Amino acid sequence: MDLKKRLYALVDKYDALIIFLVIECLALTAFSLADANIIFRYLGFLISIALLPFALMFTSKREWLSLGLFSIPLVIIAFLTGFSTFTLSMGFGSLDNLSVVLGTLAFFFLGFAVRRVRKFKIDIALLAIGAAMALLVFLGLIYSLYQYGPFHASLYEGLVYYYDGRLFVVSEETKWLLGFSFVEISINYVSLFGAMLSTALTALLYISPKTEPRKFAIVAVIGLIGLLSIVLIPNIEALILLIPVFLFALGYRFIRSREKVGIVVQYAFFALLGIAGIALLVVILNNAGVSFIRNALAGNAFLNRLFNTNRIMSPVNAVLAPMFTAGGFFGFPITYIDGLVANTGAFEFEIVKEGGLLAFLAIIAFLLLVIFSLARYSAKSPDKGHIKIVILSLLIAALLNGSFLWDTFPLIYESDYYFSFFRSAPYLIVLFLIGYAYYPLSGKPLIEEPEEIVLVSETTNADHLANSDEEEIKL
Amino acid sequence: MRKKAAFALLFTFAFVLTGCMNDVAELYEGHAYDTGVFSENYYSTWNDSLKNSVAPVAKTYEVTAANSFQIEQDSDFAQLWSPDGFADGKAEPYYSYFADTPHEDAGYGYGPSNNLIAVDDAFARGFLSRLYDGRIHCDGITYAQTRVQIDGSGYGTLFPKEMMSYRYFALSLRGADESSNYGFAMNVNINLTFYVYNYDIALYVPYLFQMKNFPIMTNSGGRTTIVGFYFAGVMGADVNLIRRASGMSITFSLEGDYEDYTIDREDTTEGKERFALMLYEVLLPKSTWN
């Protein structure tokens, strides 16, 4: 009991500080200050340790169990993107690799645990993330406009320029603040940030400009900076990927009979999931060298085109095939050069290079779990509408951009510098939001139980709380 | 109200900034000057200022075998004034002529250690950055992207900055024609001109260096000849005259009995073989720019 008392007192005393640290960490990560993601990962880890008491006190046994199962694939991803044949052969360094393991788990846990801090307001965290990322994108946008003018990717499409005696296509690049200097970077890389920011606009469907003019203006500016960073280039592919995000947001906001539509959407979703699952299985078996699948695909012109020879599948196959070799099982060594340079544009396949077969299976499993968790969060969480719509839209935008436009070699002049999605700042932000929106696969989080609300309202009296016979609180 | 005004100002400022557009100032269609067709790849661009705002030649200097150097192998670096030929800048051994890598690896190879982009990265942008990137011969990777092909009328360009101090000039080049003859020398006269802008008369004042009768390796694959001279050795007491030079041009002619050749890209006379210079690198080692 003494320990309980002390923990309650501790929690009550330091919650404001913890919230400040979390928001600070998120803002720094979103701004990618000095491109020092390694520091932010360790910072996130340290703060997540400070959040442990909150998680311990306000999480039921059932939630821990559910969280444990939910986290299994993430743990695999964390370890294999941190330490693998790939990371060792790339020479990232032990501290960096360790930070990936700790940071991946920590940012997810931060989101999960900070929700259990009574004074924490996700609005503020989202605004901090948005403002910091908007500043980063805005600086790059201004410098890009200064150097290229607006709409350069369309106006000068296909035209080249020479730099350092080498030839570059001007419509494929833009400017970006990396560390303390501006660099030329692929437009798809920047569009990931732009797309994430643009989703702030979906919150405007809920925020009234009359009753909350300041919040409306701030959110609008953040969203517009993101949208403009895509439109003023313009990156048509990224714009196309924003369409489903905004359609989702409109549907989420305006479709009243959500339950009826929900059933239709559910069936459609499961149907799509089934088709995608079968297609993925075929792709995997084809690359694993299962002869009857391979022969069946190669023997049919349409299937061969669909699974082998189109511009999307060719790099995917180049990545998946080595995954089944002994050398590529835990990520690719540097000698698997074809697999390493094949740009799939999708983090789901890029993870094969970095972590191998197990990491690939883990990310598929994790994505499925996240989808179910978010569906429950969307339906059951008491969070306000503008919070839910921003979180869901942002995660969809990140998923779409990461699945179609992720560029592993985005630096234009240093085209051999590998950018890992799993070491990027957006990945950490996404993990935080997944952690925050995590919903147990059955039941409700303890903090949302009616008894807990009563309990929380009385937390000013730590003694009283500590002596309460709330069964769910286990230390 | 003040906030609105500040925001409007910021927004306006953002768009005012768009007037610069340096990065789209010099764009080309596809692989410019790199089509694989000899006659299509001549670079003959003269900056308008060097065509229209030029004073008469202020002074002409003769560069001959006596006051110049010509490098085709490692030992030829001994012709450079000490310690310019030494790989570490202090003492022997000399540079390895063929150990030539891009300038990111400065300090290894002559070109990478002395190229203009390494001296000042303002030279990195533009088509002519091919001449400033440290690749002094074909590196077997970028091939034609390394060189600039000129006819007799050459090219003229403004530097991104003014040359404040300088030690020596070097030009890495080879000759080329459309024949299948391999590995021979052609004697070439190169007219190298530096332009110093005179604010009083608002004209560029040329100083001409006539590099006479240099045998240049021709159709030699990736192999090149480096020719050059020391400014102090050629100009003597005049050496400060080209301080603040902000432009340069190169033209050439053939020296000797080359009746079967033409150096005019437009010349379609039957039986005449087109001859071009393939410039790989323009070097002004140890120069400073402002």
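How each quantity is defined
Numbering of residues starts from 1 in each chain and follows the order in which that chain's sequence is written. For this description, chains carry letters from A and ligands carry numbers from 1, given in the order in which they are written. With the structure being a predicted model, the display of local features is reserved for residues of pLDDT at least 70 and the display and counting of side-chain atom pairs for 80 or more, all residues being used for whole-chain, interface and lining totals. The side-chain values count all of the structure's non-hydrogen atoms but skip hydrogen atoms and water molecules. The way it works is that DSSP assigns letters per residue, a run of H or I at least four long becomes a helix, a run of E at least two long becomes a strand, and they are numbered from the N terminus. The contact criterion used throughout is that any non-hydrogen atoms of two residues lie within 4.5 Å. Each of two parts loses accessible area, computed with a 1.4 Å probe, when they are put together; buried area is these two losses added. Criterion for a salt bridge: a side-chain nitrogen of Lys or Arg within 4 Å of a carboxyl oxygen of Asp or Glu. Two N or O atoms form a polar contact when they lie within 3.5 Å of each other; inside protein one atom must be a possible hydrogen donor and the other a possible acceptor, and for residues adjacent in sequence the pair counts only when both atoms belong to side chains. The pLDDT score gives, residue by residue, the confidence of the prediction method on a 0 to 100 scale. At least two DSSP bridges between two strands are required for those strands to pair. Here's how the labels work: a residue is buried when its accessible area is under 20% of the maximum for its type, exposed when over 50%, partly exposed in between, all with a 1.4 Å probe on protein chains only.

S.K.: Where do I start with unusual backbone geometry in this structure?
M.R.: The bulk of non-glycine residues show a negative phi, and the bulk of peptide bonds are trans. Residue and element names in this part refer to chain B. With omega at 10 degrees, the peptide bond leading from S82 into P83 counts as cis. Residue position: P83 is located in the loop between β3 (69-71) and α3 (110-114). The step from E92 to P93 runs through a cis peptide bond, and the omega angle for that step is 10 degrees. Position of P93 among the secondary structure elements: in the loop between β3 and α3.

S.K.: Would you take a moment to explain the interface of chain B and chain A for this structure?
M.R.: Accessible area lost upon the coming together of the parts is a frequently used measure of interface size. Across the contact, 32 residues belong to chain B and 27 residues belong to chain A. Area buried by chain B at its contact with chain A is led by D23, L27 and R125 of chain B, which between them contribute 21% of it. With a shortest N-O distance of 2.5 Å, K175 of chain A and D23 of chain B are connected by a salt bridge. Connecting chain B to chain A are eleven residue pairs in polar contact (both at pLDDT 80 or more). Going through the elements one at a time, α1 (2-16) and β1 (28-29) of chain B are the ones with two or more residues in the side of chain B that touches chain A.

S.K.: Please clarify how the confidence of the model for chain B should be interpreted in this entry.
M.R.: Low pLDDT means the predicted atomic positions in that stretch should not be read closely. Averaged over all residues, the pLDDT of chain B equals 89, while 91% of them reach at least 70. Across the whole predicted complex the pTM is 0.87, and at the interface the ipTM reaches 0.89.

S.K.: Please explain the sheet that holds strand β1 (residues 159-163) of chain A as it appears in this structure.
M.R.: Pairing between the strands of a sheet comes from backbone hydrogen bonds, and it takes one of two forms, parallel or antiparallel. Strand order in the open sheet formed by three strands is β2(A)-β1(A)-β1(B), with antiparallel pairing between adjacent strands. If you trace the sheet from one side to the other, it starts and ends with β2 (166-169) of chain A together with β1 of chain B, each paired once. As paired strands, β1 of chain A and β1 of chain B are joined by two bridges and run antiparallel to one another. The residue of β1 of chain B that forms the bridge with V160 of chain A is Y28 of chain B.

S.K.: It is not clear to me how the pattern of salt bridges should be interpreted in this structure. Could you clarify?
M.R.: Pairs can form between side chains of opposite charge whenever their charged atoms are close. Applying the stated criterion to the full structure yields 19 salt bridges over all chains. For the salt bridge of K212 of chain B with E62 of chain B, the shortest nitrogen-to-oxygen distance reads 3.0 Å. Here the residue K212 of chain B occupies a position in strand β8 (residues 203-218), and E62 of chain B occupies one in strand β2 (residues 59-63), the gap between them amounting to 150 residues. Residue E62 of chain B is classed as partly exposed on the basis of its relative accessible area of 44%. Of the charged contacts, one joins R244 of chain B and E162 of chain B as a salt bridge, the two residues approaching to 3.2 Å between their closest N and O atoms. Separated by 82 residues along the polypeptide, R244 of chain B in the loop between α5 (231-235) and β10 (245-254) and E162 of chain B in strand β5 (residues 155-165) bring together distant segments of the chain. When its relative accessible area of 22% is taken as the criterion, R244 of chain B is described as partly exposed. The exposure class of E162 of chain B is buried, given its relative accessible area of 18%. Linked by salt bridges that have partners in common, K175 and E184 of chain A together with D23 and R125 of chain B make up one network.

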